[in-house]
Amino acid sequence: MNKVFTPRTEFDAIQFRHHLHQYPELSLCERNTASLISKQLQAFGFHPRVGLGGNGVVCTIDSGHPGEITLLRADFDALPITEKSELSYCSQHHGIMHACGHDGHTASLMEVAYKLSLCPPESGKVILLFQPAEETGTGAASMLLDRWLAAQPVDNVFAYHNLPGYPRHAVIVKPETFACASTGVTIELEGKTSHAARPENGINPTTAMLDIIRHLQGMPKRYATAFTLVTVVHASLGEEAFGTAPGAAKILATLRSDKSSVLNTMKQDLCDAVSSISVDEGLTSSVRWQESFNTVVNAPKQCEIVSQQAQQLGLSVVELDEPMRWSEDVAEFLNKWPGALFCIGSGDEHPQLHNPDYDFPDTVIETASALFLSIINHLHFE
Ligand SMILES: [Zn+2]
Ligand SMILES: [Zn+2]
């Protein structure tokens, strides 16, 4: 992606989105995307900070007057999925695609930047934050390691995710817990191979592997005070060799809960179980946590602002009864500052997120940017 997107006289957010879509980059590798975002902000006359927590970009629009500080966040990493589409702007990077719509989130926030460059806020500051590495759950936390960013006394955070399976343009809100905490776990068991005719000479991890899988699958019942879910996503045992009894096993699973504290208890429980089962069987074991996310907790006030402004724009508002089962690392920002994550429907029949035929619906850019601007208008133009 060496070509820089050049706006015509007016900024075209859809064209910008299509350009991002054509040149997707994986989490932690989004250098060109970050550079494109930064150049586009400069073209609007802003002076963005770059390199926050890796490839993060932040643009502050200061009214020069006292008032609230509002941070709007969009993510911009893509996924290791091969796109299946006939789109004129389909991915040019083999095996990588914007299958979660982060190209659309970023284009929406860039449209907000464009509009604010023409009509800056009258009070306080607006911080536009473009975040890398959302899919791996590390980008937000890495950006918060930046001392300047961490020191900002932000009053409001707002972010959105597009959501297939809901009417297009519907705004989906929920105060308190909006999305679950989750973590991936890799459990490895190490024993000793032996001749298949002499299994007693080895240390076979089969029984331990089955016990651990059963333990994992029994967890939701044991932690029924909160919403909990465990999905075993992969398991392997030994090699494909009839003459050899297995000496190693591997299990991968995803654990979720709508309470970070319950997820932490489940993690400790699993560590204890793996350790005691392995010791009983004479195996050595390791437990590795990966792609960990905290719960997304929305502040009631900011959640209410989203609902009100959505209604004023004539958008339908859906209030969820239960938190989303997926996770979002905007949780880190919402843990530090009060704010709200909301979703905008991508359409009832729209292909699901992370599917090879998914493509962000362009018309949602207008809805999302209008809603962000309406929120800014409410907080910074009085
Ligand atoms: Zn995703
Ligand atoms: Zn996403």
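The model shown is predicted, which means the values in this text are computed figures rather than measured ones.

Undergrad: Looking at this structure, how should I read the coordination of the zinc ion (ligand 1)?
TA: When a metal carries six donors in an octahedron, the ideal angles between them are 90 or 180 degrees, while four donors in a tetrahedron ideally lie at 109.5 degrees. Protein coordination of the zinc ion (ligand 1) is provided by C100 (SG), E135 (OE), E135 (OE) and H354 (NE2), with donor distances spanning 2.0 to 2.6 Å. Coordination at the zinc ion (ligand 1) comes from four donor atoms whose angles at the metal span 53 to 148°, giving a geometry best classed as irregular. Each donor residue of the zinc ion (ligand 1) lies on the same chain, and together they follow the pattern C-x34-E-x218-H. The zinc ion (ligand 2) is placed at 3.2 Å from the zinc ion (ligand 1), the two being bridged by C100. Of this pair, C100 sits in the loop between β3 (69–75) and α3 (102–118) while E135 sits in the loop between β4 (125–131) and α4 (139–143); the two residues are 35 residues apart in sequence, bridging distant segments of the chain. The exposure classification of C100 matches that of E135, with both residues buried.

Undergrad: Is there a simple way to think about the domain arrangement of the protein chain in this case?
TA: Many structure descriptions define interface size as the accessible area lost when the parts assemble. Partitioning the protein chain into structural domains gives domain 1 (13–179 + 295–380) and domain 2 (181–293). The C-alpha-based centres of domain 1 and domain 2 are spaced at 36 Å. Of the residues lining the interface, 13 residues belong to domain 1; the matching set on domain 2 comes to twelve residues. If you look at where domain 1 meets domain 2, you find zero salt bridges. At the boundary of domain 1 and domain 2, one finds three residue pairs in polar contact (both at pLDDT 80 or more). In terms of residue class, the side of domain 1 that touches domain 2 is built from three nonpolar, five polar and five charged.

Undergrad: Teacher, can you tell me more about the environment of A170 here?
TA: Tracing the chain through its elements places A170 in the loop between β5 (156–164) and β6 (171–173). Sequence-distant contacts of A170, defined by excluding residues within four places in its chain, comprise S316, V318, C343, I344 and G345.

Undergrad: Any chance you could explain the coordination of the zinc ion (ligand 2) here in plain terms?
TA: For the zinc ion (ligand 2), the protein coordination sphere consists of C100 (SG), H102 (NE2) and H161 (NE2), at 2.0 to 2.3 Å. Counting the intervening residues between successive donors of the zinc ion (ligand 2) yields the motif C-x1-H-x58-H. On the basis of relative accessibility, which here comes to 7%, the residue C100 falls in the buried class. Take H102: its relative accessible area is 0%, and that puts it in the buried class.

Here is what the cut-offs are and how they apply
- Residues numbered from 1 in each chain as written.
- Chains lettered and ligands numbered in written order.
- Predicted model: local features only at pLDDT ≥ 70, side-chain atom pairs only at ≥ 80, totals over all residues.
- Heavy atoms only, no water.
- Donors = N, O, S within 2.8 Å, 3.2 Å for Na, K, Ca; no water.
- Tetrahedral: all angles 85-135°; square planar, octahedral: opposite > 155°, others 65-115°.
- Helix = DSSP H or I, 4+ residues; strand = E, 2+ residues; numbered from the N terminus.
- Buried < 20%, exposed > 50% of the residue type's maximum accessible area, 1.4 Å probe, protein only.
- Domains from an automatic or database assignment.
- Contact = heavy atoms within 4.5 Å.
- Salt bridge = Lys/Arg side-chain N within 4 Å of Asp/Glu carboxyl O.
- Polar contact = N/O pair within 3.5 Å; in protein donor to acceptor, adjacent residues only side chain to side chain.
- Nonpolar A, V, L, I, M, F, W, Y, C, P; charged D, E, K, R; others polar.

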